[in-house]
Amino acid sequence: FSYDDQNLELSLVKEDSLSTINRPTFFIGSINEAIYGLTQAGVYSELSLPSSNVNFGSFAQVDSLVLSLDVNGYYGDTLSPILFRVNEMLESIETTSLDQDGQDSTMSIYSSDQFEYDMQQVGEKEHLFSPSINDEIRIPMSLDLGQHFLDSDPENFINNQAFQAFFKGLYVSCDPSTTMGLLLELSVSENSKLSLYYHTDETDSLSYDFEIDNNADKMTSWHHTYSSDIELLIGAENISTGFVQGSVGLRTYIDMPHLSTLKDSNFVIHKAELILPYVSTENDEIYTLPATLGLAAVNSEGKLEVLNEDQNIQGSSYFDGSIDQVNKTYTFNIARYVQKVIAEDYSSRLALYVPTSVSQPERVMLGSDGLDGTSMKIKLSVSKY
């Protein structure tokens, strides 16, 4: 038989800062929503030399310097302009350090980390993105910076290590959006580079590209300024609406405190569907909803644990979590997890989140009451022995 009267209790938490270092794509931009508030993304990036022992020639003079960024995708309102600002980094992105034995040890760099940069801008451009036309952003840069490269000691251009010690990198940011806003997803490709155009006393029309590639450490820095309504809900108990937000944003915890009462019921759980209706808004076409949500158990230390039996052993098609736009729900099948809670006193708290949150800015509201009287519930199909 089936029943769905188990009580569900929601709470809202900020997502822990996650590592955004050296992802295949990174984000720049800003979106501003009445419900969630302001989300901003900027990029810290080193540059790399495509060749060693670079020699610009004698009496080299800069003609122009251009930062090119390859656009891979977008999220938000394409009618919102973006004002790009570029600054020179004064602090290196260090991904390794020496441990107590003198061996290289990997350092963790997180989305909330910030690096020192020169407040004097070296580049600026207001850009209006068009999905059908713009696949590349070109930002004119300071001629003084270009001449600085040309006038510098050739020892700084022997190899990548020397160059990145000499020039720490660039910080690319945007002004906070006063409209709906837009986030641009940028890719690591041959089109992402800093191009120096120059001439010497012997040759005109010379150029050299400093690359933003796999030899250059880079990261997205995510920052959120939440609306007052969201701030009031964070940390509150048993709220009526859940919020799940990517871009290292928000998670919703779901507690099922009364599952333990089934311990002596002699029930065998055959099916357990966690059914989550979502709330549609007029801006869903601009701020698209996640195609899939993630679900994990929250242990006593507050860490997430994969629902291995349902997700990995049973498989993703069984576990589900994908959006159902007809019924306006997300559904998870978690029978083995529920059986484990009942039989082994396992954690009855679950976390809902956007998978790969560092590179997925989508968000969704989960209502306690959905369409046609549907509500957030755990539907159990059981037999008794």
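Below, the structure is looked at part by part. (Residues numbered from 1 in each chain as written. Predicted model: local features only at pLDDT ≥ 70, side-chain atom pairs only at ≥ 80, totals over all residues. Heavy atoms only, no water.)

### Considering helix α6 (residues 335–344)
The condition that has to hold: To sort residues, take the accessible area from a 1.4 Å probe on protein chains only and compare it with the maximum for the residue type: under 20% means buried, over 50% means exposed, and anything in between is partly exposed. For helices the rule is a DSSP run of H or I covering at least 4 residues; for strands it is a run of E covering at least 2, with both sets numbered from the N terminus onward. By arc we mean the arc of the directions from the helix axis to the C-beta atoms, nothing more.
Restricting attention to buried positions, one finds in α6 the residues Ala 335, Tyr 337, Val 338, Val 341 and Ile 342. When α6 is viewed along its axis, its buried side chains cluster within an angular range of 165 degrees and face the same direction. Looking at the residues trailing α6, positive phi occurs at Asp 345, about 55 degrees.

### A look at empty space enclosed by the protein
Filter applied, for reference: For each structure, a 1 Å grid was placed over the protein atoms alone; sets of points admitting a 1.4 Å probe that cannot get out are labelled cavities, open sets with protein on both sides within 12 Å along at least five of seven lines are labelled pockets, and lining residues have an atom within 4 Å of a point. Grid points are joined across faces, edges and corners, and a volume is the space filled by probe spheres set on the points. Gly is put with the polar residues, along with every residue not named as nonpolar or charged; the nonpolar set is Ala, Val, Leu, Ile, Met, Phe, Trp, Tyr, Cys and Pro, and the charged set is Asp, Glu, Lys and Arg.
This model, assessed by the stated rule, comprises one cavity of 30 Å³ or more. Considering only enclosed or pocket space, the largest cavity measures out at about 40 Å³ in volume. Lining the largest cavity, in full, are Phe 26, Ile 28, Val 43, Ser 45, Leu 67, Leu 69, Leu 170, Val 172 and Ile 212. At the level of secondary structure, the elements contributing two or more residues to the lining of the largest cavity comprise β3 (25–33), β4 (37–45), β5 (61–76) and β11 (170–174). Across the lining of the largest cavity, the residue classes break down as eight nonpolar, one polar and no charged.

### Concerning the pattern of salt bridges
Our working definition: Take a side-chain nitrogen of Lys or Arg and a carboxyl oxygen of Asp or Glu: if they are within 4 Å of each other, that pair is a salt bridge.
Under the criterion given, the structure shown has eight salt bridges. Two residues, Asp 175 and Arg 85, come together in a salt bridge whose shortest N-O distance is 2.7 Å. In this pair, Asp 175 sits in the loop between β11 and β12 (181–187) while Arg 85 sits in strand β6 (residues 82–89), placing the two residues 90 residues apart along the sequence. Taking the relative accessible area as the measure of exposure, Asp 175 reaches 31% and is therefore partly exposed. The residue Asp 255 makes a salt bridge to Arg 349 at a minimum N-O spacing of 3.0 Å. Placement of Asp 255 in strand β17 (residues 250–255) and of Arg 349 in strand β23 (residues 349–353) is noted, with a sequence separation of 94 residues between them. A network of salt bridges, in which partner residues are shared, links Arg 85, Glu 124 and Asp 175.

### Focus on the environment of Thr 39
Stated formally: The criterion used for residue contact is that any of the two residues' heavy atoms lie within 4.5 Å. By the criterion applied in these results, polar contacts are pairs of N or O atoms within 3.5 Å in which, for protein atoms, one can donate a hydrogen and the other can accept it, and in which residues neighboring in sequence qualify only through two side-chain atoms.
Tracing the backbone shows Thr 39 in strand β4. When its relative accessible area of 2% is taken as the criterion, Thr 39 is described as buried. Remark: the alpha-carbon pair of Thr 39 and Asn 7, spanning 32 residues in sequence, is separated by 33 Å. Discounting residues that sit within four places of it in the chain, Thr 39 has contacts with Gly 29, Ser 30, Ile 31, Trp 222, His 223, His 224, Gln 245, Ser 247 and Arg 363. One polar contact links Thr 39 to His 224, side chain to side chain, over a distance of 3.0 Å.

### Notes on the packing of aromatic side chains
Note the threshold: What counts as a ring pair is set by centres within 6.5 Å for rings of Phe, Tyr and Trp (its six-membered ring), and what kind of pair is set by the plane angle: stacked under 30 degrees, edge-to-face over 60, tilted for all other angles. Two conditions define a charge located above a ring, namely a distance within 6 Å from the ring centre to NZ of Lys or CZ of Arg, and an angle within 35 degrees of the ring normal.
Using the criterion set out here, one finds 23 aromatic pairs in the structure. Note on Phe 163 and Phe 167: the rings are 6.2 Å apart at their centroids and 25 degrees apart in plane angle, and the pair reads as stacked. Just as Phe 163 is buried, Phe 167 falls in that class too. Through successive ring pairs, a cluster of aromatic residues spans Phe 56, Phe 149, Phe 157, Phe 163, Phe 166, Phe 167, Tyr 198, Tyr 208 and Phe 210. The ring of Tyr 346 carries the charged tip of Lys 340 above its face, separated from the ring centre by 4.2 Å. A cation over a ring is seen here: Arg 363 above Tyr 36, with NZ or CZ 5.2 Å from the ring centre.

### Considerations on unusual backbone geometry
Outside of glycine, negative phi angles account for most residues, and trans bonds account for most peptide bonds. Residues other than glycine seldom take positive phi values, yet Ser 205 does so here, at roughly 55 degrees. Mapped onto the fold, Ser 205 is located in the loop between β13 (193–199) and β14 (206–211). For Lys 328, which is not a glycine, the phi torsion comes out positive at approximately 55 degrees. Here Lys 328 shows up in the loop between β21 (320–324) and β22 (329–333). Looking at Lys 328, the relative accessible area reads 25%, which means it is partly exposed.

### Digging into the layout of surface pockets
Space inside the largest pocket adds up to approximately 320 Å³. If you trace the largest pocket, you find 18 residues lining it, with Gln 40, Tyr 117, Tyr 171, Ser 173 and Cys 174 closest to the centre. Of all the secondary structure elements, the ones that give two or more residues to the lining of the largest pocket are β4, β6, β9 (117–127), β11 and β15 (218–226). Here the lining of the largest pocket gets four residues from one element, more than from any other, and that element is β4. Looking at the lining of the largest pocket residue by residue, the classes come out as seven nonpolar, nine polar and two charged.

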